[in-house]
Amino acid sequence: MSAGKMIVGVVGVIYAVILVNIIYYMVQTKAGLAFPVWIQIVLGVCFLFVSLSNLKAKHYIFGSLFASAVILIAASVIVTSWFA
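Residues numbered from 1 in each chain as written. Predicted model: local features only at pLDDT ≥ 70, side-chain atom pairs only at ≥ 80, totals over all residues. Heavy atoms only, no water.

Describe the UniProt feature "transmembrane region" (unreviewed entry) in the protein chain, naming the residues involved and giving the relevant values.
What UniProt calls "transmembrane region" (unreviewed entry) maps, in this numbering, to residues 7-27, 33-53 and 60-83. End C-alpha to end C-alpha, residues 7-27 measures 30 Å, and it is 100% helix and 0% strand. For residues 60-83, the helix share is 100%, the strand share is 0%, and the end-to-end C-alpha distance is 34 Å. (UniProt positions renumbered as here; feature names shortened; annotations may be inferred. Helix = DSSP H or I, 4+ residues; strand = E, 2+ residues; numbered from the N terminus.)

Here's what the structure looks like:
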């Protein structure tokens, strides 16, 4: 395994841990992002389209970053809807 792939793997794991920690913090504090739900939904749809576009163009790193933003916004909408 090359050093480059190892670094990308370690950074990916760290990024995933941070993403899960942010979602856990949202659930723990019962507060999502500080935007109205409709803005979060619009942002989520925009990030989804940008993510699909990047994945289609084989820009996998940017596609996965925007996909994680979609996951984060979806978690925020769910937390805001359940606890608000």
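Picking up after the structure, the text goes on.
Describe the packing of helix H2 (residues 37-56) against helix H3 (residues 60-83), and please don't skip the residues or the numbers.
Where H2 contacts H3, the axes come no closer than 8 Å and their chain directions differ by 160°. The angle between H2 and H3 falls in the class roughly antiparallel. For the pair H2 and H3, the sense of crossing is left-handed. In this structure, H2 contributes Val 37, Gln 40, Ile 41, Leu 43, Gly 44, Phe 47, Leu 48, Val 50, Ser 51, Asn 54 and Leu 55 to the contact, and H3 contributes Tyr 60, Phe 62, Gly 63, Ser 64, Phe 66, Ala 67, Ala 69, Val 70, Ile 73, Ser 76, Val 77 and Thr 80. A per-class count over the contact of H2 with H3 returns 15 nonpolar, eight polar and no charged. (Axes fitted to C-alpha atoms, helices over the stretch in contact; angles between N-to-C directions. Parallel < 35°, antiparallel > 145°, perpendicular 65-115°, else oblique. Left-handed = near helix turned anticlockwise from the far one by under 90°. Contact = heavy atoms within 4.5 Å. Nonpolar A, V, L, I, M, F, W, Y, C, P; charged D, E, K, R; others polar.)

Hey, could you go over the packing of helix H1 (residues 3-29) against H3 for me, with residue numbers and the actual values?
Look at H1 against H3: their axes get within 9 Å of each other, and the N-to-C directions meet at 10°. Viewed along their axes, H1 and H3 adopt a mutual orientation that is roughly parallel. Note on element contacts: H3 touches H1 through Leu 65, Ser 68, Ile 71, Leu 72, Ala 75, Ser 76, Val 79 and Phe 83, opposite Tyr 15, Leu 19, Ile 22, Ile 23, Met 26 and Val 27. A class-by-class count of the residues in the contact of H1 with H3 yields twelve nonpolar, two polar and no charged.

With reference to specific residues and values, describe unusual backbone geometry.
The bulk of non-glycine residues show a negative phi, and the bulk of peptide bonds are trans. We note that Lys 30 has phi near 60°; this positive angle belongs to a residue other than glycine. According to the relative accessible area criterion, Lys 30 is exposed, its value standing at 53%. Positive phi values are uncommon outside glycine, yet Lys 58 reaches one of about 60°. Position of Lys 58 relative to the elements: it lies in the loop between H2 and H3. When its relative accessible area of 60% is taken as the criterion, Lys 58 is described as exposed. (Buried < 20%, exposed > 50% of the residue type's maximum accessible area, 1.4 Å probe, protein only.)

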